[in-house]
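Residue-level structural notes
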Amino acid sequence: MQTLKWVNYIVGIIFMVCYLYQFVYIPISLFGAKAHNKKKKDRHDSLEVIYHNYAVLICARNEQVVITDLIDSLHQQTYPQDKIHIFVLADNCTDKTAEVAEKAGATVYKRFDRTKIGKGYALNKLLHDIKDDYPERFDGYFVFDADNVLSSSYIEEMNKSFCAGNDVITSYRNSKNYGDNWISAGYALWFLRESRYLNQARDIIGASANVSGTGFMFSRTVAEEMDGWPFHMLTEDIEFSFNQIAKGRKIAYCPTAELFDEQPVKFSQSFRQRLRWARGYWQVLHGYGLQMIKGIFHGSFACFDMAMNLCPAFILSLFSIVSNVVLTVYGVMVGDNILDAVFSFGQLIFNAFGVLFIIGIITTITEWKHIRTSNVKKILYAITFPLYITTYIPIAIVSIFHNPSWKPIEHKVSMSHVRASGVDLTK
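Described in the following lines is the structure provided in the data block.

What counts as what
- Residues numbered from 1 in each chain as written.
- Predicted model: local features only at pLDDT ≥ 70, side-chain atom pairs only at ≥ 80, totals over all residues.
- Heavy atoms only, no water.
- Axes fitted to C-alpha atoms, helices over the stretch in contact; angles between N-to-C directions.
- Helix = DSSP H or I, 4+ residues; strand = E, 2+ residues; numbered from the N terminus.
- Parallel < 35°, antiparallel > 145°, perpendicular 65-115°, else oblique.
- Contact = heavy atoms within 4.5 Å.
- Buried < 20%, exposed > 50% of the residue type's maximum accessible area, 1.4 Å probe, protein only.
- Pairing = 2+ DSSP bridges.
- Right-handed = clockwise from strand over helix to strand, strands pointing away.
- Nonpolar A, V, L, I, M, F, W, Y, C, P; charged D, E, K, R; others polar.
- Patch = residues over 30% accessible without salt bridge, like charges linked within 9 Å, V, L, I, M, F, W, Y side chains within 5 Å.
- Areas by Shrake-Rupley, 256 points an atom, 1.4 Å probe, with all protein chains shown as cover.
- Salt bridge = Lys/Arg side-chain N within 4 Å of Asp/Glu carboxyl O.
- Phe/Tyr/Trp six-rings, centres within 6.5 Å; stacked < 30°, edge-to-face > 60°.
- Lys NZ or Arg CZ within 6 Å of the ring centre and 35° of its normal.
- Core = buried A, V, L, I, M, F, W, Y, C linked by side-chain atoms within 4.5 Å.

1. Points about the packing of helix H13 (residues 375-390) against helix H14 (residues 392-401)
- Relative orientation of the contacting elements H13 and H14 amounts to 10°, with a least axis distance of 5 Å. On the basis of their axis angle, the class for H13 and H14 is roughly parallel. Contact residues: Tyr388, Ile389 and Thr390 in H13; Tyr392, Ile393 and Pro394 in H14.

2. A word on the pairing of strand E1 (residues 54-60)
- E1 sits mainly inside the fold: seven of its seven residues count as buried.
- Of the two faces of E1, both are covered, the one formed by Tyr54, Val56, Ile58 and Ala60 as well as the one formed by Ala55, Leu57 and Cys59.
- Where E1 and strand E2 (residues 84-91) come together, seven bridges link them in parallel fashion. Note on E2: the bridge partner recorded for Tyr54 is Ile84.
- Since E1 and E2 lie parallel, the crossover through helix H2 (residues 67-75) that links them has a hand, and here it is right-handed.

3. What to know about the packing of helix H1 (residues 2-46) against helix H10 (residues 301-310)
- Running from N to C, H1 and H10 point in directions that differ by 105°, and their axes come no closer than 10 Å. It follows that H1 is roughly perpendicular to H10 by the angle criterion. In this structure, H1 uses Cys18, Tyr19, Tyr21, Gln22 and Tyr25 to contact H10, whose residues at the interface are Phe301, Phe304, Asp305, Met308 and Asn309.
- The residue inventory of the contact of H1 with H10, partitioned by class, reads seven nonpolar, two polar and one charged.

4. Some points on a nonpolar patch on the surface
- Side chains of Trp6, Tyr9, Ile10, Ile13, Ile14, Met16, Val17, Leu20, Phe23, Val24 and Val355 sit close together on the surface and give an oily, nonpolar patch of about 1,000 Å² of accessible area.
- With 10 residues, the single largest contributor to the nonpolar patch is H1.
- Within the element layout of this structure, Ile14 appears in helix H1.
- Looking at Ile14, the relative accessible area reads 34%, which means it is partly exposed.

5. Thoughts on the pairing of strand E4 (residues 140-145)
- Most of E4 sits out of view: five of its six residues are buried.
- Sheet analysis places E1 next to E4, joined by six bridges and oriented parallel. Looking at the pairing, Ile58 lines up with Phe144 of E4.
- Here E4 pairs with strand E7 (residues 216-219) via four bridges, running antiparallel. Residue pairing across strands places Phe142 opposite Met217, the latter belonging to E7.

6. Remarks on the pattern of salt bridges
- Counting across every chain of the model gives 16 salt bridges.
- A salt bridge links Arg111 to Asp91; its shortest N-O distance comes to 2.6 Å. Pair noted here: Arg111 is in strand E3 (residues 107-111) and Asp91 is in strand E2, with a separation of 20 residues, a long-range link. Neither Arg111 nor Asp91 differs from the other in exposure class; each is buried.
- As a salt-bridge pair, Glu258 and Arg372 come within 3.7 Å of each other at their nearest N and O atoms. Of this pair, Glu258 sits in strand E8 (residues 251-261) while Arg372 sits in the loop between helix H12 (338-366) and H13, and the two are 114 residues apart along the sequence. With respect to burial, Glu258 and Arg372 carry one shared label: buried.
- One network of salt bridges, in which partners are shared, links Glu225, Lys247 and Arg249.

7. Some words on the packing of aromatic side chains
- Scanning all chains against the criterion turns up 33 aromatic pairs.
- On the numbers, 5.0 Å between centres and 70° between planes, the contact of Tyr54 with Phe142 is edge-to-face. Separated by 88 residues along the polypeptide, Tyr54 in strand E1 and Phe142 in strand E4 bring together distant segments of the chain. Phe142 matches Tyr54 in its accessibility class, with the two residues each being buried.
- Their ring planes at 80° and their centres at 6.2 Å tell us that Phe138 and Tyr141 sit as a pair that is edge-to-face. In this pair, the class of Phe138 matches that of Tyr141, namely buried.
- In textbook terms, an aromatic cluster arises when at least three aromatic residues are bridged by ring pairs, as seen for Phe87, Tyr109, Tyr134, Phe138, Tyr141, Phe216, Phe218, Trp229, Phe231 and Phe240.
- Just above the ring of Phe191 sits the side chain of Arg173; from NZ or CZ to the centre is 3.7 Å.

8. Considering the nonpolar core
- Ranked by size, the top nonpolar core spans 64 residues in total, and within it Leu57, Phe218, Trp229 and Phe240 carry the most contacts.
- In contact with Phe240, other than residues within four places in its own chain, are Val168, Val211, Phe216, Phe218, Val222, Met226, Trp229 and Phe231.
- Among the nonpolar cores identified, the runner-up in size contains 29 residues, and Tyr54, Ile86, Ala101 and Ala104 belong to it.

So, in structure tokens, the structure goes:
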């Protein structure tokens, strides 16, 4: 069992080497964010205010319960309403999403295609429809999911960053239903951590942020380069990020633009969604891995950062599990003490849980005022956060052998539900 101990030790060292820089991100964000954001605010305030024309892109599949909340939050923006045009693509809908969205004030298109399934195909059609029907074009394009709700100054804050010369911008991602259970809280805490301790730190040091699913915008320049939305992998957001970074473009981060979205509460839904994400990571790695390696050798820290975000954790976790199983079985066959193997693997898991617990606690403490739930649940779900993350391990294993199709996640958390739970998203 000595070999197994060395394997686990080496895996732990490699993990530390690969992700040590992300732990450096924590003090950078903790101690540098206030001064950096103030400097950025002063710079934005010194610029001439230009109210750009924006198209808001919402692809929705059977989202009649929640889509009105997003459109209402867009109507309540502090940004001039005549500069915001809301477009909804009702994608293979069998409910009243199109009718509800149109009644709420959106321009609605419909798409029925049972072969090309996924948000990427829907976005591509929507962008081409807009190009055909609105030839004057727009200065920028926002992408939201139907379950999102925006802070009232969201577009105003993003516009400041756009005026500062950024072509792609992502925002601060929060949750509508953090307190529902340990699954929704696990998602939410991960996205809060990504916003505060990855994207914020990247912004401070001048590196590129990462687009995560929803709540981002891109300029007309980027739209013209793409000529639609050519990203159709299972994680089209990550594919878009890698594509832009491979081109040398920096994705900016706007911490003052806050978005709320709904997280799954059922483990079956979560498993299916994260299985799609995990499989999508392999697709992106296969499609862009070589470009990232070339970028790294050309001195691109952003390429290194994105590659580390995508690759080593999955591969090392899988290698560790396979090694422990194989070497334990071999040890039993040759008469070694199996308790040594159990202790070695247990120590590896304990260390991983400890690191995740620290990450969860730090994020919970610093984002305390942003988390919309009771104080008891904030503490409880910081403790369960490592469990949520470790459930990715079996998901990653399954993703190697199974290629899941895109399936929508049912959203039920309307603003009336949020208010009834005692949560106020306006504060």
